[in-house]
Amino acid sequence: MLATTFVALAVLSTASVTELGRTAATGGAAAEAVGEFGIAWAPCEEEPSVECGKLTVPVDWSKPDGPTVDLALARRKATDPSARIGSLLTNPGGPGNSGVNDILRPSGFSPEIQRRFDIVGHDPRGVARSGSIACSASVYNQMPSPVMTSQADFDKWVAFDQKLRADCREKTGPLYDHVDSVDVARDMDAIRAALGEDKLTSYGVSYGTLAQQMYAELFPDRIRAMVLDGNMDHSLNVKAFQVSEAATVEDSFSEFIAWCDRDTGCVLHGRDIRALWKGLLAKAERGELYWPGVTGRAVSAHNLLWLGVVMNEAPDWALEAKVLLALDGGPVPDDMPGPPGNGPVNGDVAELPTAILCQDFDLGLRDYAEYADVMRGSNAVAPNMRYNPMPMGDMPICQGHPVTNPQHRLRYTGKAPLLVATSLHDPDTPYAWSANVARQLGRKATLLTYEGWGHGVYGMTSCTTAAMDAYLISRTVPARGMRCPAEEPQD
């Protein structure tokens, strides 16, 4: 588990937890009762200007008298109490990102949003301070190669997954089986009530949008305003999921190359970047590619692919070009990041937020032949990037895992307008995913398109930020089909 500490704060009484569990599990109006108990707030140890608290909720919402989990919360209060509208609950991405950490550092919201809202973040159940999914490092570090090449590899993964799940379930406890986005949505409603809000105002990005989508289905009449930024599409089967992820990371890599071709400040300007990239992948496959300053472990081709994801999220094209040049024997930049991708962990405990994904998405495969078919489909749309290493690396871990929130088309029956936002060139959540989500949510959903690059478009430009701010503050929805023009990323 994370070693970070925060101020411990009063827990709701046992009676209130029991009542909350019985009512929120059914969506009953009595769930409002938790609001009278509230949350005890105190200055956070890490940042005293921020308040920290916790809310105790049932591990299993259908069994309110059973085990509980403490949800960690952090809040930056509205800078102008006289103009305060209410609380804005944020949903971090991942799965595995800490919403508390997001609030401990500057929130990234505009001064006007900070003036009008208490900005509240939480660590979703199974993450960081809210009972993280914990496994024995000694077991976790036995993980096979994320890329399979035979039925024997597939069988090895199936056997390992059984061992890993048993170990993680033993170390984590009953929470291990209750971390899907439906559970998180019910937690969100408990937080809303505990904050004393009649209706929810929320902003979510990336994987956090899935819990928001589930909230919209479960509690359609309890929404004031909801921004879903860079959406998950929960209607896709395993092949459509992986192939669309491969296509979007390939698109982002192509956009990086196009930028370098037109910007003379790019250190690879005039070079054949695709040929350079192909050579680096070949070197990695031979076990001969080492990260500058890290000599003990070669960079695998799978981990090298992570560069095409993380460097295009902001995006940070200037640094991406410098990193590729350094890997090709050029100078090492002062801001050279650490090696990309995943590897063995040190210490006794490893965290496994992938278990959340495995409960939300059925990524199960019949055998190696089906795996190979998914990989071929991904390779076909991504000749340079091959596949997106994030979901493709997670998929083997999900084999045989129980799926408690399987894929389905969304159904929203509420009256509140919803704002769905995305960029055209997102390396993580394809543009088509957000467009599909907007269609599934129906007439009450409006799609805001940023014609540029990156993952999560709040704060990307004045246009995207102003549109989201106006919606959150006054619930003014952008005109249908609104598009914000691209702005070239700066070094």
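Scroll up to find the structure this text is about.
Throughout what follows, the structure given in this document is the object of discussion. (Residues numbered from 1 in each chain as written. Predicted model: local features only at pLDDT ≥ 70, side-chain atom pairs only at ≥ 80, totals over all residues. Heavy atoms only, no water.)

## Some words on the pattern of salt bridges
Applying the stated criterion to the full structure yields 22 salt bridges. The closest approach of N and O atoms between Arg 376 and Asp 373, which form a salt bridge, is 3.9 Å. Residue Arg 376 and its partner Asp 373 are located together in helix α14 (residues 368-381), separated by 3 residues, close to a single helical turn. For Asp 373, a relative accessible area of 29% gives the class partly exposed. (Salt bridge = Lys/Arg side-chain N within 4 Å of Asp/Glu carboxyl O. Helix = DSSP H or I, 4+ residues; strand = E, 2+ residues; numbered from the N terminus. Buried < 20%, exposed > 50% of the residue type's maximum accessible area, 1.4 Å probe, protein only.)

## As for the state of the cysteines
According to the stated counting rule, one finds 5 disulfides in the structure shown. The side chain of Cys 463 participates in a disulfide bridge whose partner is Cys 484; the two sulfur atoms lie 2.0 Å from each other. Disulfide Cys 463 to Cys 484: torsion about the S-S bond roughly -75°, handedness left-handed. On the criterion of sequence distance, the pair formed by Cys 463 in helix α17 (residues 462-474) and Cys 484 in strand β12 (residues 483-484) is long-range, its members being 21 residues apart. (Disulfide = S-S within 2.5 Å.)

## Here we look at the nonpolar core
With 141 residues, the main nonpolar core has Ile 113, Phe 256, Leu 268, Leu 304, Leu 324 and Met 468 as its most contacted residues. Leave out the neighbours within four places in its chain, and Leu 324 touches Phe 256, Leu 268, Ile 273, Leu 276, Trp 277, Leu 280 and Leu 307. (Core = buried A, V, L, I, M, F, W, Y, C linked by side-chain atoms within 4.5 Å. Contact = heavy atoms within 4.5 Å.)

## Thoughts on unusual backbone geometry
Gly 94 connects to Pro 95 through a cis peptide bond whose omega is 5°. Counting through the fold element by element, Pro 95 comes out in the loop between β4 (86-91) and α2 (99-104). Between Ala 314 and Pro 315 the backbone carries a cis peptide bond, its omega angle lying at -10°. A positive phi angle, close to 60°, is found at Ser 206, a residue other than glycine. Tracing the backbone shows Ser 206 in the loop between β7 (200-205) and α7 (208-218). For Ser 206, a relative accessible area of 11% gives the class buried. For Arg 475, which is not glycine, the phi torsion reads 60° and is therefore positive. The topology assignment puts Arg 475 in the loop between α17 and β12. Residue Arg 475 is classed as partly exposed on the basis of its relative accessible area, which comes to 46%.

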